[in-house]
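A structural walkthrough
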Amino acid sequence: MIKAVLFDLDGTLADTARDLGAALNRLLAEEGRAPLSYELIRPVASHGARGLVQLGFGADLDADRMEALRVRFMDLYDANLAGETTLFDGVNELISELNKRGVAWGIITNKSMRFTDRLVPWLPFAIPPAVIVSGDTVGVAKPDPKPMLHATSQIGIAPEHCMYVGDAERDIQAGRNVGMKTVLVNWGYFSEQDATEQWGADIDIDHPLQLLDHL
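First, a word on scope: everything that follows refers to the structure included in this document. This is a predicted model, so every value here is computed, not measured.

Next up on the list: the layout of surface pockets. Quantified by volume, the largest pocket comes out at close to 450 Å³. Mapped onto the lining of the largest pocket, the elements with two or more residues apiece are α3 (48-57) and α4 (63-79). Taken together, the residues of the lining of the largest pocket break down into eight nonpolar, six polar and six charged.

Ordered in space as β5-β4-β1-β6-β7-β8, the six strands form an open sheet in which the pairing is parallel. Each edge of the open sheet carries a strand with a single partner, namely β5 (132-133) and β8 (203-205). Sheet analysis places strand β1 (residues 4-7) next to strand β6 (residues 162-166), joined by four bridges and oriented parallel. Considered in β6, the bridge of Phe7 is made with Val165. Sheet contacts for helix α8 (residues 169-177): β6 and β7 (181-185); angle to β7, the most-contacted strand, approximately 170°.

What follows is about unusual backbone geometry. Look at the link from Lys142 to Pro143: it is a cis peptide, with omega at 15°. When you line up the elements, Pro143 lands in the loop between β5 and α7 (145-155).

Scanning the model with the defined rule gives six aromatic pairs in all. Taking the centre distance of 4.9 Å and the plane angle of 55° together, the rings of Trp105 and Phe125 count as tilted. With a gap of 20 residues between them, Trp105 in strand β4 (residues 104-108) and Phe125 in the loop between α6 (113-122) and β5 connect regions that are remote in the sequence. With respect to burial, Trp105 and Phe125 carry one shared label: buried. Taken together, Phe7, Trp105 and Phe125 form an aromatic cluster joined through their ring pairs. Against the face of Tyr38 rests Arg18, its NZ or CZ located 3.8 Å from the ring centre.

Scoring rules and cut-offs
- Residues numbered from 1 in each chain as written.
- Predicted model: local features only at pLDDT ≥ 70, side-chain atom pairs only at ≥ 80, totals over all residues.
- Heavy atoms only, no water.
- 1 Å grid on protein atoms, 1.4 Å probe; cavity = no way out; pocket = protein on both sides within 12 Å on 5 of 7 lines; lining within 4 Å.
- Points joined across faces, edges and corners; volume = space filled by probe spheres on them.
- Helix = DSSP H or I, 4+ residues; strand = E, 2+ residues; numbered from the N terminus.
- Nonpolar A, V, L, I, M, F, W, Y, C, P; charged D, E, K, R; others polar.
- Pairing = 2+ DSSP bridges.
- Contact = heavy atoms within 4.5 Å.
- Axes fitted to C-alpha atoms, helices over the stretch in contact; angles between N-to-C directions.
- Phe/Tyr/Trp six-rings, centres within 6.5 Å; stacked < 30°, edge-to-face > 60°.
- Buried < 20%, exposed > 50% of the residue type's maximum accessible area, 1.4 Å probe, protein only.
- Lys NZ or Arg CZ within 6 Å of the ring centre and 35° of its normal.

Structure (structure tokens):
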């Protein structure tokens, strides 16, 4: 029996790609480079600061240059965290229905607390999450099992009674690593290279409310 549904944030609950992309393009402008289109940025938006910097500047950066660009990217994103960020259609309806059914919900994201502590309260969730675990809450991020187990400990619900919903391979790995039922959202941030059918999700859905059919 599913007693809690836990979600990834970027690309699953919230469409953050435009604000992440705007930060990347501001960084590119500072470095004298041309901006990238939203169509190029969106598939990489779940890969974090490092993935976005590599998209803009190439994967062969030396470690010092990568770190400097990553830090500057995060500062630029921090300065305009939610200019165009919205919840995906159907998310609030799903959360409201989970609440009616007595099913807890929460967030486990690789986004750092620096951002989630401000962004999550700003987002217009119908019901506040029962737990928020960020990428640095327990010192390691998904797919490590520690964030998952920390979340279940905080809400007092065993992993086998939880469902984890995400849009990245690491989300599915993280859920499977602790025995949660896993759900892949087909509206997430995917690239053409992502072989999503090989990730091993128990379920995939095209709209948030379809999740209700699998509780």
